[in-house]
Amino acid sequence: MRRHLPESALLLSLIVAFALASNVRLARTESITIIVPDDFLTIQGAIANAVEGDTIFVKIGVYYEHVVVYKSISLVGEDSNATVIDGNWTGRVVHIVSDNVNITNFTVQRSGSLNSPTLDAGICLDSATHCNISGNRVINNGFCGISLEYSQQNTIIGNSISNTTWGGIHLLSSSNNNVSRNVLTNNTYVGINGHASSHYNNITENEISNSTYGMFYHNVIHNNIQGNNISTIAVEGIYFQEQVSYNTVADNDFTNCSVGIKLLGPNHNNVISGNLLANGQSGIRIQNAGYTEIYNNTITHNYGGAWDAGIRLDYAANTRIHSNLITDNWRGILLYTTSPSVSIYNNNITHNEFGVRVASGGSNYLNVSGNDVMHNRGYGIGLTGFTSGSHYATLSRNLIVNNSDGIALGQYSNYHTIIQNNISQNGYGFYIDYSTQNMIYRNNIVGNDQQVYLSTGSVNSWNQSYPFGGNYWSDYTGEDMYSGEHQDLLGSDGIGDNPYIIDADNQDNYPFMEPLGPHDVAVQAVTLSKSIVGQGYNLYANVTVTNQGHNTEASSVTLYANATALETRELVLSAGNSIILVFAWNTSAFAYGNYTIWAYMEPVSGEAYTVDNTYVAGMVTITIQGDVDGDGDVDIFDIVKMAGIYGVEKPAPEYEANCDLDGDGDIDIFDVVKAATNYGKNW
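Predicted model, so just to flag it, every value in this text is computed and none were measured.

## Topic: the overall build of the protein chain
Phase 1: Looking only at helices and strands, one finds 4 helices and 62 strands in the protein chain.
Phase 2: Its C-alpha atoms give the protein chain principal-axis dimensions of roughly 140 × 60 × 35 Å.
Phase 3: Here the contacts in the protein chain between residues at least 6 apart in sequence split such that 51% fall between residues at least 24 apart.
Phase 4: Total accessible area on the protein chain stands at roughly 27,800 Å², and carbon and sulfur atoms take up 52% of it.

## Description of the nonpolar core
Phase 1: Core analysis: the largest hydrophobic core is formed by 93 residues, its most contacted members being Ile 56, Val 94, Ile 96, Ile 169, Ile 192, Tyr 217 and Phe 430.
Phase 2: Judged by nonpolar contacts, the second largest core, of 25 residues, contains Ala 541, Leu 573, Trp 585 and Tyr 595.

## Quick notes on a nonpolar patch on the surface
Phase 1: Taken together, the side chains of Ile 636, Phe 637, Val 640 and Tyr 679 define a hydrophobic patch exposed on the protein surface, amounting to about 440 Å² of accessible area.
Phase 2: Looking at the secondary structure, you find Val 640 in helix α3 (residues 636-644).

## Considerations on the layout of surface pockets
Phase 1: There is about 250 Å³ of room inside the second largest pocket.
Phase 2: Ser 529, Lys 530, Tyr 540, Lys 650 and Gly 663 are the residues nearest the centre of the second largest pocket, which is lined by 17 residues in total.
Phase 3: Of the residues forming the lining of the second largest pocket, the biggest block, 4 residues, is contributed by strand β57 (residues 538-547).
Phase 4: Looking at the lining of the second largest pocket residue by residue, the classes come out as 7 nonpolar, 6 polar and 4 charged.

## With respect to the sheet that holds strand β56 (residues 532-534)
Phase 1: If you walk across this open sheet you meet the 5 strands as β56-β62-β61-β58-β59, and the pairing is mixed. Of all strands in the sheet, those with a lone pairing partner are β56 and β59 (564-573), marking the two edges. The sheet shows a mean angle of 25° between the axes of neighbouring strands, taken without regard to direction.
Phase 2: By the bridge criterion, 9 bridges tie strand β58 (residues 553-561) to β59 in an arrangement that is antiparallel. For Val 557, the partnering residue across the bridge sits in β59 and is Arg 569.

## As for the pattern of salt bridges
Phase 1: Taken as a whole, this structure holds 10 salt bridges when the rule is applied.
Phase 2: The partner of Asp 126 in a salt bridge is Arg 92, with the nearest N and O atoms 3.7 Å apart. Residue Asp 126 is found in strand β10 (residues 121-126), and its partner Arg 92 is found in the loop between β6 (83-86) and β7 (94-96); the two are separated by 34 residues along the sequence. Grouping residues by exposure puts Asp 126 and Arg 92 together as buried.

## Some words on the sheet that holds strand β60 (residues 578-586)
Phase 1: In spatial order, the strands read β55-β57-β60; together these 3 strands make up an open sheet with antiparallel pairing. Of all the strands in the sheet, just β55 (521-528) and β60 have a single pairing partner and so form its edges. Neighbour to neighbour, the strand axes of the sheet diverge by 25° on average, direction disregarded.
Phase 2: Pairing of β55 with β57, which is carried by 7 bridges, proceeds in the antiparallel orientation. Residue pairing for β57: Thr 527 is matched across the bridge by Asn 542.

## Considering the side chain of Lys 262
Phase 1: Within the fold, Lys 262 resides in strand β25 (residues 253-268).
Phase 2: At 4.2 Å, Glu 236 is the nearest oppositely charged side chain to Lys 262, a buried residue that forms no salt bridge.
Phase 3: Those residues in contact with Lys 262, other than ones at most four positions away along the chain, are Glu 236, Ile 238, Tyr 239, Phe 240, Arg 285 and Gln 287.

## Comments concerning the packing of aromatic side chains
Phase 1: Tallied over the entire structure, the rule returns 26 aromatic pairs.
Phase 2: Aromatic side chains Tyr 213 and Tyr 239 sit 5.6 Å apart centroid to centroid with 15° between the ring planes, which places their arrangement in the stacked category. In this pair, Tyr 213 sits in strand β21 (residues 207-218) while Tyr 239 sits in strand β23 (residues 229-241), placing the two residues 26 residues apart along the sequence.
Phase 3: A relative accessible area of 7% means that Tyr 239 is categorised as buried.
Phase 4: Considering the side-chain rings of Tyr 431 and Tyr 453, the 4.4 Å spacing of their centres and the 20° angle between planes classify their relative orientation as stacked. Of this pair, Tyr 431 sits in strand β46 (residues 428-433) while Tyr 453 sits in strand β49 (residues 450-454); the two residues are 22 residues apart in sequence, bridging distant segments of the chain.
Phase 5: A relative accessible area of 27% places Tyr 431 in the partly exposed class.
Phase 6: An aromatic cluster is defined as three or more aromatic residues linked by ring pairs; in this entry it consists of Phe 143, Trp 166, Tyr 189, Tyr 213, Phe 216 and Tyr 239.
Phase 7: Looking at Arg 331, its charged tip hangs above the ring of Trp 307, at a distance of 4.6 Å from the centre.
Phase 8: The positively charged end of Arg 357 is found above the aromatic ring belonging to Phe 354, 5.9 Å away from the centroid.

## Focus on unusual backbone geometry
Phase 1: For the bond running from Ser 116 to Pro 117, omega is 5°, close enough to zero to count as cis.
Phase 2: Mapped onto the elements, Pro 117 comes out in the loop between β9 (107-109) and β10.
Phase 3: Put simply, Gly 265 and Pro 266 share a cis peptide bond, and its omega is 15°.
Phase 4: Residue position: Pro 266 is located in strand β25.

## Focus on the confidence of the model for the protein chain
Phase 1: On average, residues of the protein chain score 91 in pLDDT, and 94% of them are at 70 or above.
Phase 2: Contacts of residues 1-26 to residues separated by more than four positions or lying in other chains number 5 contacts, the stretch itself having pLDDT below 50.

## Section: the side chain of Glu 65
Phase 1: Take Glu 65: it is sitting in the loop between β3 (61-64) and β4 (67-69).
Phase 2: Here Glu 65 occupies a buried position and makes no salt bridge, while the nearest side chain of opposite charge, Lys 71, is found at 13 Å.
Phase 3: In this structure, Glu 65 is in contact with Thr 42, Ile 43, Gln 44, Ile 85, Asp 86, Gly 87 and Val 93, ignoring residues within four places of it in sequence.

## Focus: the environment of Ser 116
Phase 1: Its place among the elements puts Ser 116 in the loop between β9 and β10.
Phase 2: Sequence-wise, Ser 116 and Asn 371 are 255 residues apart; in three dimensions their C-alpha atoms are separated by 51 Å.

## Describing the state of the cysteines
Phase 1: Counting across every chain of the model gives 0 disulfides.
Phase 2: Not part of a disulfide, Cys 144 finds its nearest cysteine sulfur in Cys 124, a span of 8.5 Å.
Phase 3: Here Cys 144 falls in the buried class, since its relative accessible area comes to 0%.

## A short note on the environment of Tyr 615
Phase 1: Mapped onto the fold, Tyr 615 is located in strand β62 (residues 614-623).
Phase 2: Among the residues examined, Tyr 615 registers a relative accessible area of 15% and is labelled buried.
Phase 3: Separated by 92 residues in the primary sequence, Tyr 615 and Val 523 place their C-alpha atoms 6.0 Å from one another.
Phase 4: Side chain to side chain, Tyr 615 and Arg 320 meet in a polar contact 2.8 Å long.

The rules behind each value
- Residues numbered from 1 in each chain as written.
- Predicted model: local features only at pLDDT ≥ 70, side-chain atom pairs only at ≥ 80, totals over all residues.
- Heavy atoms only, no water.
- Helix = DSSP H or I, 4+ residues; strand = E, 2+ residues; numbered from the N terminus.
- Contact = heavy atoms within 4.5 Å.
- Areas by Shrake-Rupley, 256 points an atom, 1.4 Å probe, with all protein chains shown as cover.
- Core = buried A, V, L, I, M, F, W, Y, C linked by side-chain atoms within 4.5 Å.
- Buried < 20%, exposed > 50% of the residue type's maximum accessible area, 1.4 Å probe, protein only.
- Patch = residues over 30% accessible without salt bridge, like charges linked within 9 Å, V, L, I, M, F, W, Y side chains within 5 Å.
- Salt bridge = Lys/Arg side-chain N within 4 Å of Asp/Glu carboxyl O.
- 1 Å grid on protein atoms, 1.4 Å probe; cavity = no way out; pocket = protein on both sides within 12 Å on 5 of 7 lines; lining within 4 Å.
- Points joined across faces, edges and corners; volume = space filled by probe spheres on them.
- Nonpolar A, V, L, I, M, F, W, Y, C, P; charged D, E, K, R; others polar.
- Pairing = 2+ DSSP bridges.
- Axes fitted to C-alpha atoms, helices over the stretch in contact; angles between N-to-C directions.
- Lys, Arg positive; Asp, Glu negative; His and termini not counted.
- Phe/Tyr/Trp six-rings, centres within 6.5 Å; stacked < 30°, edge-to-face > 60°.
- Lys NZ or Arg CZ within 6 Å of the ring centre and 35° of its normal.
- pLDDT = per-residue confidence, 0-100.
- Disulfide = S-S within 2.5 Å.
- Polar contact = N/O pair within 3.5 Å; in protein donor to acceptor, adjacent residues only side chain to side chain.

Following this line, the structure appears as structure tokens:
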């Protein structure tokens, strides 16, 4: 009797027979390695026959192809110097249109040079994510070496990119990418370029040299540019142009660049810190940009034309320049055109042609405090203006030593407050030309070749009321036998009995007999743990306070949210020392909304300058737990944002504190679950 196969077995037999008869490979699920040219003569042929997850290993040789990668595969060359993909000067040589692609160990060369309607490149990522491009030589290409177009969360690492007609690495509308440890040299126009909404990228530890621009950014925000070495650049090492805000440029070396860093706005809230800028014409230029912070940089030996400087500002309101070493430049800090409300503090400004200079249209409401301004060949601090004066500046607590002029006020610079400075061993202590109604008091004016020069008509006030007093003058020869407002009461009070006469219209009515030791405490910085906090979680604030005077002081520090005092700390701080106070704000009792966080340090007895006793840290949003973008609801955008950095821990550059809901230092399942629990909620 004949046996009949079950229907399923019969169907399987027919499929196998058909496959064998048609020479068709059966579908498989395991990953394999395909070898070119052993298995297929061309790379494109290997891709056509690969499945997701396969590795294509390409042996040494020159492959004249335009490779389109449309599967999630790994493409590996045998030798990065000798495994060559050559585009013969047309189109894109390697065009990646799939996610999760790895390309490594190739020489990719001779792309086309078109930039419209497509961007020709050696390697192009086109709407691709989670790709890894590493260890390649990308040389002698037309428009671009490596381009990312509408591509997110990719890694471009350890490639050598050189001799492109336009640029090395180009990001177009591409965000959250990591571009690291690449060597880019002899690319005609730019090493790395980012524009058209390329946000949240990490550009780190790259070597860039011999280009017109090192990096060029347009219309980008929240990029981290850190640890790069940029040298021998014809124009700017880094150029930010228009709508480039909230970016960080930190710990980079700029050498032999015409200009190290240039910001051309309108842009705002960029941070420039910890960089070396040396041997150029200008170190940093900020033009039409607001709220830039420049700190902890070393800026040295930048000598260009008459108006180049270590740091130059043009229409750069509310810039903060602090804690920098600015030495051996043509001008140290130059405010060339109107830049109001700039703060310059705690810098070392030495051995420049001029220390700090305000020129051209003048800049009002300048604050220059706590700087060492020494050994500059021109004046230490000069407030002038060609077309209009500079008004309402505060110059305080500066050490101004051995300059041509200590402080120069010229061309109708009026209404300044000059207090608690040590001005010594300069040519002129003060050089005042056609400037009036300035308040100058409680300074130590010691051993200058000429203590004060005044042009005719410069009438200023050289003291406050009794007993606050005037200044200490090292050449004052009066006695201290009397006291009181009119110095007519018997008994010494530390103030000279007779005025210190400068000229017929200027005199210090209450000159001190001994040098002044100022009492001065300040809030130097407030750093917040996050800017968006879920209601019920803690916000942490690190408040840095300092004693900038000469005596041990007892004071208190209070942290505020709007007008509400959150916590007060008492402290004793010795002269010259700083301390960081950590405040924890439990937000449980606070309504959803925006809160301005600020700190206030109680002035100490005898403190005259209290502007820096208040520090506004910024705005914090209290919202629903899981609303990580602060728009008032927990939606898919919040979940996607958290998922994109899931598992990231401090201090990884990808870590974002607002996504770490519980503040434990990582973005983990507990954070995601909390967000998911509140999904769909809003306020």
